[in-house]
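Overview (structure and organization)
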There are 2 protein chains.
Amino acid sequence: MALKHSKQRDAIYDFLKDRKDHPTADVIYEAVRKTEPNISLGTVYRNLSVLKETGMIRTVEVGDGAVHFDADVSNHNHFVCTECGCVEDIEMKSIDKVREIASENFDGKITGFNTYFYGLCSDCLEKSKV
Amino acid sequence: MALKHSKQRDAIYDFLKDRKDHPTADVIYEAVRKTEPNISLGTVYRNLSVLKETGMIRTVEVGDGAVHFDADVSNHNHFVCTECGCVEDIEMKSIDKVREIASENFDGKITGFNTYFYGLCSDCLEKSKV
DNA sequence: ACTAATAAAAGTAACAGTTATCGATATTGA
DNA sequence: TCAATATCGATAACTGTTACTTTTATTAGT
């Protein structure tokens, strides 16, 4: 019987799935509260970890202290703007090349990796030119 | 007059600089307490952030909740063992290749990146073969 | 449809890592 | 040596997250 249906979990996933940014748990909490006013923050955390375990979502940790969530579980990487802190998806053709390069000098077994790029997003880059 | 000398800061940096693992603040605190018994945890945190701002050390965030510190600020990446949780440096030749690949489809300016590899370290790989 | 079993809920307390505050101390330029 | 002030130790406060407890909702079997 393992996993039961819950409308709170649906609401969380529904909110997350049409998003391109990568909201944190409390942003999700505030948003979902609009349709589920009685939802508890604990419920949000619990369901986010359930959704992660079942592979419906993934986490993105950009080093700002909080965990971000992403319903796009396809193979992609992330860019963090050092100016405004925004997080964007970044496409990388031939990303597997990275694993190859890394494996050259490593004795263990590399099963995966996450790359976080940083710099200026296109908006901040534009502003810095003025 | 900006930055004054402090033996607490020296002790923290001295401890960190001969280390290849990447201790957390409280590991550093416990270690430095042996030579500076009265040092406060707040002092450790404060100095770690000062050392980071001055570029003497860098932070490594492997997703275990705590921030790790590394006195090796040269261009290198990190590997995290999914079995034992150890963190190792990983050398990457042709690292600039990665930036190139990433820049292909990105409008902003990429100034750097961190890659966190995960898998089995050589020790755990050895054990798993038995 | 009813019921029993139990997953999941809300609400709240607890926790870990970190940051901020404050009076006392140590370092430094004059 | 002295005044200015960065840093200190001690501790309180804050943030993100997890755990606990009682109540509610979902589901499988009749």
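Predicted model, so just to flag it, every value in this text is computed and none were measured. (Residues numbered from 1 in each chain as written. Chains lettered and ligands numbered in written order. Predicted model: local features only at pLDDT ≥ 70, side-chain atom pairs only at ≥ 80, totals over all residues. Heavy atoms only, no water.)

So, the pattern of salt bridges
Residue and element names in this part refer to chain A. To keep it simple, the criterion reads: Here, a salt bridge means any side-chain nitrogen of Lys or Arg that lies within 4 Å of a carboxyl oxygen of Asp or Glu. Numbering of helices and strands runs from the N terminus; a helix is a DSSP stretch of H or I covering at least four residues, while a strand is a stretch of E covering at least two. Exposure is judged per residue with a 1.4 Å probe applied to protein chains only, and the accessible area is read against the type maximum: over 50% gives exposed, under 20% gives buried, and values in between give partly exposed.
Enumeration according to the criterion identifies eight salt bridges over all chains in this entry. Its salt-bridge partner being D14, residue K17 comes within 3.7 Å of it at the nearest N-O pair. Placement of the pair is K17 and D14 together in helix α1 (residues 7–17), with a separation of three residues, close to one helical turn. Taking relative accessible area as the criterion, K17 reaches 43% and is therefore assigned partly exposed.

Quick word on the sheet that holds strand β4 (residues 87–90) of chain B
For clarity, the cut-off: A strand pair is defined by DSSP finding two or more bridges across the two strands. Inter-axis angles, ranging from 0 to 180 degrees, are taken between N-to-C directions of lines fitted to C-alpha atoms, where helices are fitted over the stretch in contact. Here, two residues are considered to be in contact whenever any of their heavy atoms come within 4.5 Å of each other.
What the six strands build is an open sheet, ordered β4(A)-β3(A)-β5(A)-β5(B)-β3(B)-β4(B); its pairing is mixed. The two strands at the open ends of the sheet, each matched to only one other strand, are β4 (87–90) of chain A together with β4 of chain B. Taken pair by pair, the neighbouring strands of this sheet meet at an average axis angle of 30 degrees, ignoring direction. Of the strands in this sheet, β3 (77–81) and β5 (109–120) of chain A together with β5 (109–120) of chain B are in contact with helix α5 (residues 122–129) of chain A, which crosses β5(A) at around 30 degrees. Sitting on the sheet, helix α5 (residues 122–129) of chain B is in contact with β5 of chain A together with β3 (77–81) and β5 of chain B, with an inclination near 30 degrees to β5(B).

Quick word on the pairing of β5(A)
Relative to β5(A), β3(A) runs parallel, the two being bridged by four bridges. Bridging across to β5(A), F79(A) finds its partner in F117(A). Sheet analysis places β5(A) next to β5(B), joined by eleven bridges and oriented antiparallel. Of the residues in β5(B), the one forming a bridge with Y118(A) is G112(B).

Topic: the side chain of T59(B)
What counts is decided by this rule: Under the rule applied, a polar contact is a pair of N or O atoms within 3.5 Å (in protein, one hydrogen donor and one hydrogen acceptor; residues adjacent in sequence only if both atoms are side-chain atoms).
Of note, T59(B) is situated in strand β1 (residues 58–60). Here K52(B) takes part through its side chain, which lies 2.9 Å from a polar atom of the side chain of T59(B).

Comments concerning the protein's contact with DNA strand D
Counted only if it meets this: Only a single heavy atom is needed: when it lies within 4 Å of a molecule or strand, its residue is near that molecule or strand. Charged means Asp, Glu, Lys or Arg here, nonpolar means Ala, Val, Leu, Ile, Met, Phe, Trp, Tyr, Cys or Pro, and polar covers whatever is left, Gly included.
As a matter of local geometry, DNA strand D sits amid 20 residues, with Y45(A), K4(B), S6(B), T43(B) and R46(B) nearest to it. Sugar and phosphate atoms constitute 78% of the interface atoms of DNA strand D, taking the interface as everything within 4 Å of the protein. Contacts to DNA strand D include R9(B), whose side-chain N or O atom sits 3.0 Å from a phosphate oxygen. At 3.1 Å, a side-chain N or O of N47(B) approaches a phosphate oxygen of DNA strand D. The residue makeup of the surface near DNA strand D, split by class, is eight nonpolar, eight polar and four charged.

Looking at the confidence of the model for chain A
Put simply, the rule is: Each residue carries a pLDDT value, the predictor's own confidence for that position, ranging from 0 to 100.
Of the residues in chain A, 96% have a pLDDT of 70 or more, and the chain-wide mean is 88. Here helix α4 (residues 96–103) of chain A stands out as the least confident element of chain A, with mean pLDDT 75; helix α3 (residues 41–53) of chain A is the most confident, with 97.

So, the relation of the copies chain B and chain A
The criterion, for reference: For this overlay, a least-squares fit was computed on C-alpha atoms, restricted to residues scoring pLDDT of at least 70 in both copies.
Note on the copies: chain B fits chain A at an RMSD of 0.4 Å, the axial shift is 0.1 Å, and the rotation between them is 178 degrees. The relationship between the two copies is best expressed as a two-fold rotation axis. When C-alpha distances to the rotation axis are compared across chain B, the minimum falls at T115(B), with a value of 2.0 Å. A symmetric contact is evident, with 100% of the interface residues of chain B recurring at the interface of chain A.

With respect to the interface of chain B and chain A
Heads up, the rule is: Here the quantity called buried area is the total loss of accessible area, with a 1.4 Å probe, experienced by two parts when brought into contact, counted for both.
Opposite the 33 residues of chain B that make contact, chain A presents 33 residues. Together chain B and chain A conceal approximately 2900 Å² of surface at their shared face, both sides included; 65% is due to carbon and sulfur atoms. Of all residues in chain B, the largest losses of buried area upon contact with chain A belong to I101(B), F106(B) and Y118(B), amounting jointly to 18% of the total for that side. Going through the elements one at a time, β4, α4 (96–103), β5 and α5 of chain B are the ones with two or more residues in the side of chain B that touches chain A. The element contributing the most residues to the side of chain B that touches chain A is β5(B), with twelve residues. Taken together, the residues of the side of chain B that touches chain A sort by class into 15 nonpolar, ten polar and eight charged.

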